[in-house]
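Each chain, letter by letter, is given below.
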Amino acid sequence: MFTGIIEAMAEVTESRQEGSNITFVMHSHLASELKIDQSLSHNGVCLTVTQVWDEHYTVTAIQETLDKTNLGQWKPGTKVNIERCMPMNGRFDGHIVQGHVDQTATCTNVQSMDGSWLFDFQYDAQTGNITVEKGSICVNGVSLTVVNSQDDSFQVAIIPYTYEHTNFHNLKKGDLVNLEFDVIGKYLTKIIQRSYR
């Protein structure tokens, strides 16, 4: 389980096609603290560390992950938000994040707000996922608060610290991001849907 509080960024240095899978070689100062078989969130996607050396490590994405996330667009130089699993005795600073991306969204606008930034995202509402005003949303692994919740879109406000210490400073209009909707909201939606059958 994760909290959506990003620890660092990693950079893709190599990607290797292996059948229908892609193995990514990542560079990060956190690599020396990682171990093989460890779960690590990459832009909100839980991936398993398969090798570690120097300041590098590898993770592999299967076809299912590539189909449902923006990982298929990664190339050398791509900056990725990373977070290790929350320790049992850790502080819960974000919200419950499973590392299971529900779908992608497109960034439709970036607006500078004189010291902060407002990002607009649009997603396919046919999936049944929803946001609520002031609710939690995980965008590229970052725990954020929903602003201006609509049926198929929402906004998030980004403070300077988050802008500088995550890959939000690289996001631009047209970019694809990973979304994980609030797990409590997903359960409630499912319960309500079943009650109307």
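Use the structure listed above.
Residues numbered from 1 in each chain as written. Predicted model: local features only at pLDDT ≥ 70, side-chain atom pairs only at ≥ 80, totals over all residues. Heavy atoms only, no water.

S.K.: Residues and numbers for the sheet that holds strand β8 (residues 117–122), please.
M.R.: An order of β10-β9-β12-β7-β8-β11 is seen for the six strands of this open sheet, with the pairing classed as antiparallel. Strand pairing shows two members of the sheet lacking a second neighbour, β10 (142–145) and β11 (153–158), which therefore form its edges. For this sheet the average axis-to-axis angle between neighbouring strands, irrespective of direction, equals 40°. One ladder, built from four bridges, connects strand β7 (residues 103–112) with strand β12 (residues 176–181); its direction is antiparallel. Bridging across to β12, T104 finds its partner in N178. (Pairing = 2+ DSSP bridges. Helix = DSSP H or I, 4+ residues; strand = E, 2+ residues; numbered from the N terminus. Axes fitted to C-alpha atoms, helices over the stretch in contact; angles between N-to-C directions.)

S.K.: Help me get a handle on the sheet that holds strand β5 (residues 56–61), residues and values and all.
M.R.: The six strands are arranged β1-β2-β5-β4-β3-β6 in a closed barrel whose pairing can be described as antiparallel. The mean inter-strand angle of the sheet, taken between neighbouring strand axes irrespective of direction, is 45°. When strand β1 (residues 8–18) meets strand β2 (residues 21–27), the two strands line up antiparallel, connected through seven bridges. Across the sheet, the residue bridging to R16 is T23, located in β2.

S.K.: With reference to specific residues and values, describe the state of the cysteines.
M.R.: Counting across every chain of the model gives zero disulfides. Not part of a disulfide, C46 finds its nearest cysteine sulfur in C85, a span of 5.7 Å. With relative accessibility at 29%, the residue C46 sits in the partly exposed group. Here C107 is not disulfide-linked; the sulfur of C138 is the nearest cysteine sulfur, at 16 Å. (Disulfide = S-S within 2.5 Å. Buried < 20%, exposed > 50% of the residue type's maximum accessible area, 1.4 Å probe, protein only.)

S.K.: So what's going on with the pattern of salt bridges? Which residues, and what values?
M.R.: In the structure shown here, the tally under the stated rule is seven salt bridges. Bridged by salt links that share partners, the residues E7, E33 and R84 form one connected network. (Salt bridge = Lys/Arg side-chain N within 4 Å of Asp/Glu carboxyl O.)

S.K.: Describe the nonpolar core, and please don't skip the residues or the numbers.
M.R.: Membership of the largest hydrophobic core comes to 22 residues, with the highest contact counts inside it found for F24, M26, Y57, L71, W74 and I82. Elements with a minimum of two residues in this core: β1, β2, β4 (45–53), β5 and β6 (79–84). Of all hydrophobic cores here, the second largest spans 21 residues; its members include C107, W117, I137 and Y163. (Core = buried A, V, L, I, M, F, W, Y, C linked by side-chain atoms within 4.5 Å.)

S.K.: An account of the environment of T145 is requested, with residue identities and associated values reported.
M.R.: In this fold, T145 is placed in strand β10. In sequence terms T145 and L71 are 74 residues apart; their C-alpha atoms lie 24 Å from each other.

S.K.: Break down the pairing of strand β3 (residues 39–42) for me, with residues and values.
M.R.: The pairing of β3 with β4 spans four bridges and is antiparallel. Bridging from a neighbouring strand, S41 pairs with C46 of β4. In this antiparallel pair of consecutive strands, β3 and β4, the connection spans two residues, and N43 shows a positive phi of 50°. As paired strands, β3 and β6 are joined by three bridges and run antiparallel to one another. When the sheet's bridge partners are listed, L40 is paired in β6 with R84.

S.K.: So what about unusual backbone geometry? Which residues, and what values?
M.R.: Positive phi outside glycine occurs at D37, with the angle close to 80°. Relative to the helices and strands, D37 is located in the loop between β2 and β3. Phi is positive for N140, which is not a glycine, with a value near 50°. Along the chain, the position of N140 falls in the loop between β9 (136–139) and β10. Owing to a relative accessible area of 3%, N140 belongs among the buried residues under this scheme.

S.K.: Please set out the side chain of E83 residue by residue, giving values where relevant.
M.R.: Following the sequence through the fold, E83 ends up in strand β6. Of the side chains with opposite charge, R84 comes closest to the buried, unpaired E83, at an N-O distance of 8.7 Å. Within polar-contact distance, the side chain of E83 engages the backbone nitrogen of T3 at 2.8 Å. Other than its neighbours up to four places away in sequence, E83 contacts F2, T3, G4, I5, E7, L40, S41 and G141. (Lys, Arg positive; Asp, Glu negative; His and termini not counted. Polar contact = N/O pair within 3.5 Å; in protein donor to acceptor, adjacent residues only side chain to side chain. Contact = heavy atoms within 4.5 Å.)

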